[in-house]
Every structure is written in C-alpha cells, then in structure tokens.
Amino acid sequence: MRTIIKIQFDFLHSRVVYYAYEEKEKGKQHKMKCPYCNQLDTRVIDSRPAEDGNSIRRRRSCDACGKRFTTYEKVETIPLIIIKKDNNREQYNRGKIENGILRACYKRPVSAVDIQRTIDRIETKVFSLEAKEIPSSRVGEIVMEELKNLDEVAYVRFASVYREFKDVNTFMDELKKILK
Ligand SMILES: [Zn+2]
C-alpha cells in the first residue's frame, strides 16, 4: 500500500515554512531533499515521536551543504475506492472478495490456506495498480485470473455469476477456453 508522508519543515527557530508531500513506496528508501540546497544527500541523525504523539520528528543533516533541519512525518493511508457498476463508490473490502471465492469453491477440494493465499495474490495485484479508484470490473478480472489457477470449477462458477452469461452458448465458449 502506498502511503504519503506529510513533511513539515521547521527551520531552526523560525515557524513552519512549507509542507511537502512525498510518496513512499513499500521497500523503497525514502530520500529527503535538503530544503536549503535541494540535494538528496541528506541523512537522519535522530528520530523520535513528536510531542503531539502521532508524528515522528526527525533531525536531518545535509551532506552537501552541512545544514541541519527537522521534519515531522505523518503517515496517511490512502483508502482504496472501488467503483461499482452503477458508478457508486465504496471502500475496498477484502471480505467481499473472500465471500465470492468461498461461494465459488463450495464443496471443491480447495484448502482454506490456498484460498487465503489466492486472496493475498489478488490483493497484491489490486494494490500494485497504484490507483486511488479501481472499477469493480477490473477487480473481477483479477479474481478470475487467479481462480483459473486455483480450481477450474470454481473459476467457471465465478465467471458465470460475474460475467452474467446470457445463454448456454457463451457459457460453453468459456468452458471450452479453459478446457483447452
Ligand atoms: Zn543542503
């Protein structure tokens, strides 16, 4: 999940000068620009919780110009919004995917562990789209891709509900595709 760090610069004894928003991606080293010389050669020399209790105060030092500055960082999680068919929005909910998959896997030889792993993979794909809003149809396609590898019957069940097969022919076409 992508988070935004809100950075508040506090130049020595002067008041807040400006806010900067920097995006931090999982696993990537976060680089802070020096507010004096704009170089990225800065280091954290001290980190501690800020007095307000919900941000982190970091004392930083710039290797390029030697100046020091303080940042206050607050992590804000961006909620993922799903755009439904009727264009209404709702917050992403893992439980909904889980219910759909459990229904599709009913009485199939699929273990609970495999189902959870499948949902984990689906979530990784959904979140790596790095969008704030994702159409439910895109999520449905991802679920189908993963179900195809999990259990063919579950896949056909899910697809038949999801794609709303109008007649036997489209259903058979879909079946033939996976039985190839
Ligand atoms: Zn500098």
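Reference entry: report on the structure contained in this document. The numbering scheme is per chain: residues are counted from 1 as the chain's sequence reads. Residue-level local features of this predicted model are given only where pLDDT is at least 70; pairs of side-chain atoms are given and counted only at 80 or more, and the full residue set underlies all totals for whole chains, interfaces and linings.

**Some points on the nonpolar core**
Across soluble globular proteins, nonpolar side chains show a tendency to be buried alongside one another.
Then, number 1: To count as a nonpolar core, a set of buried Ala, Val, Leu, Ile, Met, Phe, Trp, Tyr and Cys residues must be joined through C-beta atoms within 7 Å. Any residue whose C-beta has 12 or fewer other C-beta atoms within 10 Å is treated as exposed, any with 20 or more as buried, and any in between as partly exposed, C-beta atoms being built from the backbone. Membership of the largest hydrophobic core comes to 15 residues, with the highest contact counts inside it found for Ile-101, Ala-104, Val-143, Leu-147, Ala-154, Tyr-155 and Phe-158.
Then, number 2: A run of DSSP states H or I qualifies as a helix once it reaches four residues; a run of E qualifies as a strand once it reaches two. Both are numbered from the N-terminal end. The element contributing the most residues to this core is helix 4 (residues 152–162), with 5 residues.

**Things to note about the sheet that holds strand 7 (residues 89–91)**
Within a beta sheet, neighbouring strands are joined by backbone hydrogen bonds and run either parallel or antiparallel to one another.
Then, number 1: Pairing between two strands is assigned when DSSP locates at least 2 bridges connecting them. Spatially, the 3 strands line up as an open sheet ordered 7-6-8, and their pairing is mixed. The sheet terminates laterally at strand 7 and strand 8 (133–135), the two strands that pair on one side only. Pairwise comparison of adjacent strand axes, ignoring direction, gives a mean angle of 35° for this sheet.
Then, number 2: With 3 bridges joining them, strand 6 (residues 81–83) and strand 8 adopt parallel strand pairing. Each bridged residue has a counterpart across the sheet, and for Ile-81 the counterpart in strand 8 is Glu-133.
Then, number 3: Against the sheet, helix 3 (residues 136–150) contacts strand 6 and strand 8, and its axis sits at roughly 65° relative to strand 8. All axes are obtained by fitting lines to C-alpha atoms, using only the stretch in contact for helices, and the reported angles, taken between N-to-C directions, cover 0 to 180 degrees. With C-beta atoms placed from the backbone, a contact is any residue pair whose C-beta atoms sit within 7 Å.

**Overview of unusual backbone geometry**
Then, number 1: One non-glycine residue, Asn-38, adopts positive backbone phi at about 70°.
Then, number 2: Structurally, Asn-38 is set in the loop between strand 2 (16–24) and strand 3 (42–49).
Then, number 3: Residue classification places Asn-38 among the exposed residues on the basis of 10 C-beta atoms within 10 Å.
Then, number 4: Phi at Asn-87 takes a positive value of approximately 80°, unusual for a residue other than glycine.
Then, number 5: Here Asn-87 falls in the exposed class, since 7 other C-beta atoms lie within 10 Å of it.

**A short note on the packing of helix 1 (residues 94–104) against helix 2 (residues 112–127)**
Axis angle and axis distance: for two packed helices, these are the angle between their axes and the distance between the axes, and together they describe the pair.
Then, number 1: One can describe the packing of helix 1 onto helix 2 by two numbers: an axis separation of 11 Å at closest approach and a directional angle of 130°. Between helix 1 and helix 2, the interaxial angle falls into the category oblique. Here helix 1 runs over helix 2; the crossing is right-handed. In this structure, helix 1 contributes Arg-94, Ile-97, Glu-98, Ile-101 and Leu-102 to the contact, and helix 2 contributes Ile-115, Thr-118, Ile-119, Ile-122 and Glu-123.
Then, number 2: Charged means Asp, Glu, Lys or Arg here, nonpolar means Ala, Val, Leu, Ile, Met, Phe, Trp, Tyr, Cys or Pro, and polar covers whatever is left, Gly included. Of the residues that constitute the contact of helix 1 with helix 2, the class distribution is 6 nonpolar, 1 polar and 3 charged. Roughly parallel refers to an angle under 35 degrees, roughly antiparallel to one over 145, roughly perpendicular to one between 65 and 115, and oblique to any angle outside these ranges. Handedness of a crossing follows from how the near helix is turned relative to the far one, being left-handed for an anticlockwise turn of less than a right angle and right-handed for a clockwise one.

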